[in-house]
Amino acid sequence: MAGKFFDNARGLPWIKSFNSPDDDEHADRLNHRYTVGFLLGCAVVASGSPFVFNRISCWVPAQFVGAYSKYTDNYCWISNTYYVPSNETVPHSKLVRERAEIGYYQWTPLIFVLFALCFYLPRMLWRSMNVRSGIDLQYLVVKSNEFKGTDAAEKQIVGLIEHYCEASKHNGSLSNCCCRTLWCTSGKRLGNYLCSIYLITKLLYLINSFLQLALIHIVLGQPGWFYGLDIWYSVFVRNSVLTDSPYFPRVTLCDLHIREIGNLHRYTVQCVLPINMLNEKMFSLAWFWFIFVFLSNLFSFLSLLYDFLNPNQRIGFIRNFLRLSKLNPKIDEQLLKQFTRDFLMPDGVFIIKILSTNGSAVFTTGVVRKLFTKYQTMQTQENIRRTQALIEENSDV
């Protein structure tokens, strides 16, 4: 039974991603792999915590014995308790009590699962869209790592990249260049399809990490943006671990109504929520982690956007690989610009960047060298044909 469960678990997309080759950057894996794992771990801990200690324990009147006490605990758990600081008087108004209710602690496992799903959705978009481009990035990464350093692997990958770039090269008219500049997702064969989808994915990661921070505050009902700092300042500076927190109060109040012999009696009992000790630590860790992920996503998105909008950055990226290959001490800058701008285009440079990020720099250097050599040969042959055609025209005259 357990073996069947683990076999089925290995088939889940997130579990399979650990064994699948990487077709993105570390900042992306920080979102869809490590953050998802952290959040699912929090969900498991929150789900299993009731087996370790009581979820809630209420201090009931003396006449509550046996089933009365158990009923009170269960009722106060499923209904929202409310928090009133110990130095304040319990309000008599029902409306004021309802405003002080806290109702998120019952849903903590589902909240973490929802967070994890939101972090994985951009990954699903990236995988579903990039395989439709005509080139499988994961396959290229696998081949570059399986046959690292072999000439056969370099030729195979060079052939695939060359085929992809040739298909885009035939769409290099002026109108398509304008579309490529003005509309990021105007077509798969305009040389910017992969970059556009990847840029959108990065933007979704950035928006998601920001919204996750906002969602934590919405769930907890807190207006400020310094929740995590407040928690850790309270714990480590003021050393107030055992005092009540407005975010995760340990001691709350619960109103319950019991019908006895036709009469409806209302009781207000005081309850202890040991689970909030754990929830407080997990949410505070999640807050700090989300801050780190958000900053990482912001830097990664701005870096990609700069590369996408700056052709000179792409030319410099290819130039570095050609210098490493020692193909020619003096690189023809005009030919290099044509090779990067007209042949590779943004998608070709992006594919090479994925290979260098997830594979060997030496192997990627060999791929760039072969691609450039082939392009140089084609340009030389094209120049010869043009020269011959010009000579023939002049001889006819």
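Look up a bit, the structure's there.
The rules we used
Per chain, residues are indexed from 1 in the order of the written sequence. Totals for whole chains, interfaces and linings use all residues, but because this is a predicted model, local features are given only for residues with pLDDT of at least 70 and pairs of side-chain atoms are given and counted only at 80 or more. No hydrogens and no water enter the side-chain calculation; it runs on all heavy atoms of the structure. Whenever a pair of cysteine sulfur atoms sits within 2.5 Å, that pair is classed as a disulfide. Here a helix means four or more residues in a row that DSSP labels H or I, a strand means two or more in a row labelled E, and each is numbered from the N terminus. Only protein chains enter the accessibility calculation, which uses a 1.4 Å probe; a residue is then buried when its area is under 20% of its type maximum, exposed when over 50%, and partly exposed in between. All axes are obtained by fitting lines to C-alpha atoms, using only the stretch in contact for helices, and the reported angles, taken between N-to-C directions, cover 0 to 180 degrees. Comment on the angle field: the value is read as roughly parallel under 35 degrees, roughly antiparallel over 145, roughly perpendicular from 65 to 115, and oblique elsewhere. Take the far helix as your reference; a near helix turned counterclockwise from it by less than a right angle gives a left-handed crossing, and one turned clockwise gives a right-handed crossing. In what follows, residue pairs with any heavy atoms lying within 4.5 Å of each other are defined as contacts. Three classes are used: nonpolar for Ala, Val, Leu, Ile, Met, Phe, Trp, Tyr, Cys and Pro, charged for Asp, Glu, Lys and Arg, and polar for all others, with Gly counted as polar. A patch consists of residues exposed above 30% relative accessible area that lack any salt bridge, with like charges linked at up to 9 Å and nonpolar side chains (Val, Leu, Ile, Met, Phe, Trp, Tyr) linked at up to 5 Å. Reported accessibility uses the Shrake-Rupley method at a 1.4 Å probe radius. Residues are deemed covered only where the shown protein chains occlude them. One side-chain nitrogen of Lys or Arg within 4 Å of one carboxyl oxygen of Asp or Glu is enough to make a salt bridge. Should DSSP find at least two bridges between two strands, the strands are taken to pair. Polar contact criterion, stated in full: a pair of N or O atoms within 3.5 Å, where within protein one must be able to donate a hydrogen and the other to accept it, and residues adjacent in sequence count only if both atoms are side-chain atoms. Only centres within 6.5 Å qualify two rings of Phe, Tyr or Trp (six-membered ring in Trp) as a pair; their planes then separate them into stacked at under 30 degrees, edge-to-face at over 60, and tilted for everything else. Cation placement over rings: the criterion is NZ of Lys or CZ of Arg within 6 Å of the ring centroid and within 35° of the ring normal.

### With respect to the state of the cysteines
So, step 1. This model, assessed by the stated rule, comprises 2 disulfides.
So, step 2. Sulfur-sulfur distance for the disulfide between Cys76 and Cys254 comes to 2.2 Å. Because the torsion about its S-S bond is -95 degrees, the bridge between Cys76 and Cys254 counts as left-handed. Note that Cys76 is positioned in helix α4 (residues 67-78) and Cys254 in strand β4 (residues 251-260), a separation of 178 residues in sequence.
So, step 3. In this structure Cys76 comes out as buried when scored by relative accessible area, which is 0%.
So, step 4. Residue Cys254 is classed as buried on the basis of its relative accessible area of 1%.
So, step 5. Take the cysteines of the chain that form disulfides and number them in order along the sequence; they join up as 1-4, 2-3.

### Some points on the packing of helix α6 (residues 108-130) against helix α12 (residues 275-309)
So, step 1. Two elements in contact, α6 and α12, have axes separated by 12 Å at closest approach and are oriented at 15 degrees. By the criterion of interaxial angle, the relationship of α6 to α12 is roughly parallel. Where α6 crosses over α12, the two elements pack in a sense that is left-handed. Note on element contacts: α12 touches α6 through Asn279, Met282, Phe283, Ala286, Phe290 and Val293, opposite Thr108, Ile111, Phe112, Phe115 and Phe119.
So, step 2. Split into classes, the residues belonging to the contact of α6 with α12 amount to 9 nonpolar, 2 polar and no charged.

### Side note on unusual backbone geometry
Of all residues except glycine, most have a negative phi; of all peptide bonds, most are trans.
So, step 1. Of note in the backbone geometry, Met345 takes a positive phi value of approximately 60 degrees without being a glycine.
So, step 2. By the secondary structure assignment, Met345 is in helix α14 (residues 333-358).
So, step 3. In this structure Met345 comes out as buried when scored by relative accessible area, which is 2%.

### Quick word on a nonpolar patch on the surface
So, step 1. Residues Leu114, Leu117, Leu121 and Met124 make up a contiguous nonpolar surface patch of roughly 360 Å² in combined accessible area.
So, step 2. Secondary-structure assignment places Leu117 in helix α6.
So, step 3. Since its relative accessible area comes to 45%, Leu117 is described here as partly exposed.

### Regarding the pairing of strand β5 (residues 263-272)
So, step 1. With 3 bridges connecting them, strand β1 (residues 57-59) and β5 associate as antiparallel partners. Following the sheet pairing, Cys58 is matched in β5 by Cys271.
So, step 2. As paired strands, β4 and β5 are joined by 10 bridges and run antiparallel to one another. From the neighbouring strand, Leu253 faces β5, where its bridge partner is Gln270.

### So, the pattern of salt bridges
A pair can form between side chains of opposite charge whenever their charged atoms are brought close.
So, step 1. Within this structure, the stated rule accounts for 17 salt bridges.
So, step 2. Of the charged contacts, one joins Asp28 and Lys202 as a salt bridge, the two residues approaching to 3.1 Å between their closest N and O atoms. On the criterion of sequence distance, the pair formed by Asp28 in helix α3 (residues 26-48) and Lys202 in helix α10 (residues 193-220) is long-range, its members being 174 residues apart. One exposure class covers both Asp28 and Lys202, and it is buried.
So, step 3. Between Arg97 and Asp255 there is a salt bridge; the shortest N-O distance is 2.7 Å. Remark: Asp255 occurs in strand β4 and Arg97 occurs in helix α5 (residues 94-99); sequence separation between them is 158 residues.
So, step 4. Using a relative accessible area of 19% as the deciding quantity, one classes Asp255 as buried.
So, step 5. Where salt bridges share partners, they join Asp22, Asp23, Asp24, Arg29, Arg33, Arg123 and Arg127 into one cluster.

### Notes on the packing of α3 against α12
So, step 1. Where α3 meets α12, the closest approach of the two axes is 11 Å, and the angle between their N-to-C directions is 175 degrees. By the angle between their axes, α3 is roughly antiparallel relative to α12. Together, Ala27, Leu30, Asn31, Tyr34, Thr35, Phe38, Leu39, Cys42, Val45 and Ala46 of α3 and Ile275, Leu278, Met282, Leu285, Ala286, Trp289, Phe290, Phe292, Val293, Ser296, Asn297 and Ser300 of α12 make up the contact between the two elements.
So, step 2. Tallied by class, residues from the contact of α3 with α12 come to 17 nonpolar, 5 polar and no charged.

### Points about the side chain of Lys370
So, step 1. With respect to the element layout, Lys370 can be found in helix α15 (residues 361-396).
So, step 2. One polar contact links Lys370 to Glu154, side chain to side chain, over a distance of 2.6 Å.
So, step 3. Once residues lying within four places of it in the same chain are set aside, the contact partners of Lys370 are Asp151, Glu154, Lys155 and Val158.

### A closer look at the packing of aromatic side chains
So, step 1. In the structure shown here, the tally under the stated rule is 20 aromatic pairs.
So, step 2. Both rings, one in Tyr198 and one in Phe350, keep their centres 4.9 Å apart while their planes meet at 50 degrees; by these two values the pair is tilted. You can see Tyr198 sitting in helix α10 and its partner Phe350 sitting in helix α14, a full 152 residues away along the chain. The pair Tyr198 / Phe350 is uniform in exposure class, with both members buried.
So, step 3. Measuring from centroid to centroid gives 5.4 Å for Phe339 and Tyr375, while their planes differ by 55 degrees, and the two rings are tilted. Highlighted residues: Phe339 in helix α14 and Tyr375 in helix α15, separated in sequence by 36 residues.
So, step 4. Given the relative accessible area of 0%, Phe339 is considered buried.
So, step 5. An aromatic cluster is defined as three or more aromatic residues linked by ring pairs; in this entry it consists of Phe112, Phe115, Phe119, Phe248, Phe283 and Phe290.
So, step 6. The ring of Phe317 carries Lys353 above its face, with NZ or CZ at 5.2 Å from the centroid.

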